[in-house]
Amino acid sequence: DADDLDAFATRIEGQFKSHEEIKTLNEARLKAKLLELDREEVDARKKRLVELEGLAKTIEEYKYNDIASVHSRISSIHNKWETLARLAGEKWEHIQSALRVEQDKENLRIEFADHARTYRIFIRGAIEELGDRYFGSTIEDVQKYESDLSASDTKFREKADEHKANLDSIYAKLQAAGVKDNRHTTTTIEDIVKLRDQLNEAITKRQQAYKEEVTRSSHNEDKRKEWAKQAADFVSFINGLKSKLESVEGTPDERIDIINKMYQGGSEIEAKIKDLDTLAHEMENLGIFSNRHSNLTLNSIKAHQKQFDSSVKNYIVALQEEKAMNERAAGQRAELEKRQKIEALSIQYSQTQQELGVWLENAGDVLTDAINVSSLDEVHKLQADYDRLTAEIPEQTKLYQNLEHLASQLKNAGRDSPFAEVTERWNSTLQGLEERKHKLVEAAEIQSHNESLCKEFASKAKDFNHFIDEQAKSAANASGDDEAQLKHISAVVATLEGARNELNKIAELSNKMDAAYITTNRYADLNLKTLTNKYETLISTTQDREQQLQKDIISRKGSKVSADQLAEFKEMFQFFDKNRNNSLGKLEFKGALQSLGEDPTDDEMEKLMQQLDKDKDGFITFEEFTEFMIQRTADTDSAEQILQSFKEIANDKDFITEEDLRRVMVAPKVEYLVANMPPYSCLLYTSPSPRDRQKSRM
């Protein structure tokens, strides 16, 4: 015993004197735990030293002639134990000092990771807000926006500088502490600088976009004013010609000649219409569909042209008819005057009908234009045409009532008119306006809903794609020993599994878009199939890596567990890991034990959790579960082991006596066996048969 204690003290003394360099927090924790175990073993063996002192006293009572050497040996061992206590204390202080240093480094890493994550979120949100390019609907609104733009830029820059200053300060502390790695984040100080550069770039782009919008709005405003002037000049020109035509005097031939010279076949009017048409198409190409400076449109101007051309031609026809009537015999003057009156009414009716007909035809074109739209902008364009028509209703109603009065006068004079047809077209147009109104509202609601679906899908798809990329980067950056990598990869697998509900939400949005017959999405470059393939591929590859790491760890520890056994362990672990966090809580672990035929009490479960839960986080990892299953399998005795134990207890007899059992077992177990096992030839127990040996296997 003295030699054994002496040898143990010599070996442990060497370990306690060794002060290895500690480089990581886990290494410091491990060495602290190992030192605690060594100190516990030293304390345990100290009891044997006490027993050895008692033996020395016994030897001294027997008058051993060399008792001095015995006491000297005991004293030497005592001195070594005191040295061990002192060395253990010194090594404990060395380890605790290193542990505090490494913990401070770890705290700095976590602080840097948290601030980097906050900074990245801020930059991403700021860039998204800076991506808004809406500065106002009028040139005045756009110009007023400049002060808001400057204040917004200043706010983003100041906030970004504040975040970056915090990160720079933490990074300086990390550098001072000699920390060059950070498992809590992949973001580097260079990434922080790049993020700041990205914000500056976004601010610059928005400023450039604002300048371009000011230029574009100014140019469009000039075009609107140009249109308003040309349109007003055209109307003034037409009205001027009308006034001149109305003031022409003389005989019918003289008036016809003057009118033809003034009218010139409508060539001057046509040239002005052509200029307006060119300007209208130019404005349409610029995206200008409204004009606060003028209520006149190209269609209304062309309607003015048609109305004027028709009135000139009708006037010439009337003059020609007037000339013919003047050439008739004086005896027919009374009849002629009557006919003139009727013809004048007819001409006025015809002119009024043509003017109204032009408007009805234009309205019919607008109302029969199919509402085949794919965006709100297209709906708004159709709505603008509809609003123009409704604004013209009061004026056209007066025209219709005037035509009705003329039709009544013609009927009283004995002349029929196609007023019934006009009435039918008028009523049909009014009904069409009401129907068009409801259809446009319905189209706007549909397009607004579709727009919302597209934006929501684009946003969720973008976020989910970014999430997949981040998890892929996280998995790719797993480092350290196999255990550290396994913990990291398992966390990634759990995170990916937890995100499946988000993918289901994106699928629901995609189904809604399909149901709404949405075939394109200008807000998104991603689709459901691409996201699903990318997500499932990442889960598959990450799980494969997780399984390989588990196999490598088990193999390295020298376990003889087969690949099939490991797969069974993994299947059982995943079945009871209900929340997919890659660990088993106490209740989940108890469920696994019950499936194996065991039903431990709460106290037994608590002891088992304390034994297996190495990191004391209250959960059993797959590695810890695997070690438990391997140990459980290894604890099962084979039939040959049972037979050998029987022979040793029975001293090679074919049976065991109660005396044999009491030599190797405590009394309660012997009494249980005597009460429950059958006797053999008046003796107590027999050697177990092969069938009994098979039943005894666990």
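If you're wondering where the values come from, they're calculated on a predicted model, not measured in any experiment. (Residues numbered from 1 in each chain as written. Predicted model: local features only at pLDDT ≥ 70, side-chain atom pairs only at ≥ 80, totals over all residues. Heavy atoms only, no water.)

**Here's the deal with the overall build of the chain**
Reasoning step 1: Secondary structure summary: the chain contains 22 helices and four strands in total.
Reasoning step 2: Taking the principal axes of the C-alpha coordinates as reference, the chain spans close to 180 × 70 × 30 Å.
Reasoning step 3: In the chain, which comprises 698 residues, the share counted as buried stands at 35%.
Reasoning step 4: Nonlocal contacts in the chain, meaning residues at least 24 apart in sequence, comprise 77% of its contacts between residues at least 6 apart.
Reasoning step 5: For the chain, the computed accessible surface area is about 42,300 Å², with 50% contributed by carbon and sulfur atoms.
Reasoning step 6: One finds the centroid of the 101 positive side-chain charges in the chain at a distance of 1 Å from the centroid of its 130 negative side-chain charges. (Helix = DSSP H or I, 4+ residues; strand = E, 2+ residues; numbered from the N terminus. Buried < 20%, exposed > 50% of the residue type's maximum accessible area, 1.4 Å probe, protein only. Contact = heavy atoms within 4.5 Å. Areas by Shrake-Rupley, 256 points an atom, 1.4 Å probe, with all protein chains shown as cover. Lys, Arg positive; Asp, Glu negative; His and termini not counted. Charge placed at Lys NZ, Arg CZ, Asp CG, Glu CD.)

**Description of the packing of aromatic side chains**
Reasoning step 1: On inspection of all chains with the given rule, the structure shows 15 aromatic pairs.
Reasoning step 2: Centre to centre, the rings of Phe135 and Tyr210 are 5.4 Å apart; their planes meet at 80°, and the pair counts as edge-to-face. One end of the pair, Phe135, is in the loop between helix H3 (67-130) and helix H4 (139-176); the other, Tyr210, is in helix H5 (residues 189-246), and 75 residues separate them in sequence. The same class applies to Phe135 and to Tyr210, which are both buried.
Reasoning step 3: Ring pairing ties together the aromatic residues Trp359, Tyr400, Phe419 and Trp426, which thus form one cluster.
Reasoning step 4: Lys155 extends its terminal NZ or CZ atom over the ring of Phe156, reaching a point 4.7 Å from the ring centre. (Phe/Tyr/Trp six-rings, centres within 6.5 Å; stacked < 30°, edge-to-face > 60°. Lys NZ or Arg CZ within 6 Å of the ring centre and 35° of its normal.)

**Examining the pattern of salt bridges**
It is possible for side chains of opposite charge to pair when their charged atoms get near one another.
Reasoning step 1: Going through the model one piece at a time under the given rule, you end up with 39 salt bridges.
Reasoning step 2: Among the salt bridges present, the one from Arg255 reaches Glu322, with a minimum N-O distance of 2.8 Å. Taken together, the residues span a long stretch of sequence, with Arg255 in helix H6 (residues 252-263) and Glu322 in helix H8 (residues 298-327) at a distance of 67 residues.
Reasoning step 3: In this structure, the salt-bridge partner of Lys381 is Glu284, at a minimum N-O distance of 3.3 Å. With Lys381 in helix H10 (residues 376-412) and Glu284 in helix H7 (residues 267-285), this residue pair connects regions lying 97 residues apart in the sequence.
Reasoning step 4: Using a relative accessible area of 37% as the deciding quantity, one classes Glu284 as partly exposed. (Salt bridge = Lys/Arg side-chain N within 4 Å of Asp/Glu carboxyl O.)

**Considerations on a nonpolar patch on the surface**
Reasoning step 1: Where nonpolar side chains cluster on the molecular surface, the patch consists of Leu30, Leu34 and Leu37 and spans about 270 Å² of accessible area.
Reasoning step 2: Mapping Leu30 onto the fold places it in helix H2 (residues 25-61). (Patch = residues over 30% accessible without salt bridge, like charges linked within 9 Å, V, L, I, M, F, W, Y side chains within 5 Å.)

**Concerning helix H12 (residues 482-498)**
Reasoning step 1: Between the first and last C-alpha of H12 there are 24 Å, a value that for 17 residues agrees with the 24 Å anticipated at 1.5 Å per step.
Reasoning step 2: The set of residues buried in H12 consists of Gln485, Leu486, Ile489, Ser490, Val492, Val493, Ala494 and Leu496. (Expected span 1.5 Å × (residues − 1).)

**A short note on the nonpolar core**
Generally speaking, soluble globular proteins have nonpolar side chains that are buried together.
Reasoning step 1: Of all hydrophobic cores here, the largest spans 29 residues; its most connected members are Phe457, Phe464, Leu496 and Tyr535.
Reasoning step 2: Looking at this core, the elements with two or more residues in it are helix H11 (419-476), H12, helix H13 (500-515) and helix H14 (528-556).
Reasoning step 3: For this core, the element with the highest residue contribution is H11, accounting for nine residues.
Reasoning step 4: Residues within four places of Leu496 in sequence aside, it is in contact with Phe467, Gln471, Tyr535, Leu538, Ile539 and Thr542.
Reasoning step 5: With 26 residues, the next largest nonpolar core counts Ala32, Leu35, Leu84 and Ala88 among its residues. (Core = buried A, V, L, I, M, F, W, Y, C linked by side-chain atoms within 4.5 Å.)

**A closer look at the packing of helix H1 (residues 2-17) against H3**
Reasoning step 1: Where H1 contacts H3, the two axes come as close as 9 Å, and the packing angle between them is 25°. When the axis of H1 is compared with that of H3, the two are roughly parallel. In the packing of H1 onto H3, the handedness of the crossing is left-handed. Between H1 and H3, the contacting residues are Ala2, Asp3, Leu5, Asp6, Phe8, Ala9, Thr10, Ile12, Glu13, Gln15, Phe16 and Lys17 on the first element and Arg73, Ile77, Lys80, Trp81, Thr83, Leu84, Leu87, Ala88 and Lys91 on the second.
Reasoning step 2: Looking at side-chain class alone, the contact of H1 with H3 contains 11 nonpolar, three polar and seven charged residues. (Axes fitted to C-alpha atoms, helices over the stretch in contact; angles between N-to-C directions. Parallel < 35°, antiparallel > 145°, perpendicular 65-115°, else oblique. Left-handed = near helix turned anticlockwise from the far one by under 90°. Nonpolar A, V, L, I, M, F, W, Y, C, P; charged D, E, K, R; others polar.)

**Some details on unusual backbone geometry**
With the exception of glycine, most residues fall at negative phi, and the peptide bonds are largely trans.
Reasoning step 1: Despite not being glycine, Gln264 shows a phi value in the positive range, around 55°.
Reasoning step 2: The phi torsion at Tyr517 lies on the positive side, around 60°, for a residue other than glycine.

**Topic: the confidence of the model for the chain**
Reasoning step 1: Of all residues in the chain, 93% attain a pLDDT of 70 or more, and the chain-wide mean is 83.
Reasoning step 2: When pLDDT is averaged over each helix and strand of the chain, the minimum, 35, is found for helix H22 (residues 690-696) and the maximum, 91, for H13.
Reasoning step 3: Counted against residues more than four places away or in other chains, residues 682-698, with its pLDDT under 50, gives 33 contacts. (pLDDT = per-residue confidence, 0-100.)

**Quick word on the side chain of Thr429**
Reasoning step 1: Along the polypeptide, Thr429 turns up in helix H11.
Reasoning step 2: By relative accessible area, Thr429 is classed as buried at 9%.
Reasoning step 3: Setting aside its immediate chain neighbours within four residues, Thr429 contacts Trp359, Leu360, Ala363 and Leu367.

**Observations concerning H1**
Reasoning step 1: Between its first and last C-alpha, H1 extends 22 Å over 16 residues, near the 22 Å set by a 1.5 Å rise per residue.
Reasoning step 2: Among the residues of H1, Ala2, Leu5, Asp6, Phe8, Ala9, Ile12, Glu13 and Phe16 are the ones counted as buried. Projected onto a plane normal to the axis of H1, the buried residues spread over an arc of 165° and lie on a single side.
Reasoning step 3: Those residues of H1 that are buried lie in contact with H2 and H3. (Arc of directions from axis to C-beta.)

**Things to note about the side chain of Asp577**
Reasoning step 1: Secondary-structure assignment places Asp577 in the loop between helix H15 (563-576) and strand S1 (583-584).
Reasoning step 2: By relative accessible area, Asp577 is classed as buried at 4%.
Reasoning step 3: Once you skip the residues sitting within four places of it in the chain, Asp577 turns out to touch Asn582, Ser583, Leu584 and Glu588.

**Observations concerning the packing of H11 against H13**
Reasoning step 1: The geometry of H11 relative to H13 is characterised by a closest axis approach of 10 Å and an angle of 150° between their N-to-C directions. On the basis of their axis angle, the class for H11 and H13 is roughly antiparallel. The element H11 and its partner H13 pack so that their crossing is left-handed. The residues of H13 that touch H11, namely those facing Leu453, Cys454, Glu456, Phe457, Lys460, Ala461 and Phe464, are Glu502, Leu503, Ile506, Leu509, Ser510, Lys512 and Met513.

**Re a negative patch on the surface**
Reasoning step 1: A cluster of acidic side chains, namely Glu128, Glu129, Asp132 and Asp463, defines a negative patch on the protein surface.
Reasoning step 2: Residue position: Asp463 is located in helix H11.

**Some thoughts on the environment of Ile554**
Reasoning step 1: Looking at the element boundaries, Ile554 is found in helix H14.
Reasoning step 2: Given the relative accessible area of 11%, Ile554 is considered buried.
Reasoning step 3: Separated by 73 residues in the primary sequence, Ile554 and Glu627 have C-alpha atoms spaced 8.2 Å apart.

**What to know about the environment of Gln264**
Reasoning step 1: Mapped onto the elements of the fold, Gln264 is located in the loop between H6 and H7.
Reasoning step 2: Note: C-alpha distance between Gln264 and Thr429 (165 residues apart in sequence) is 35 Å.

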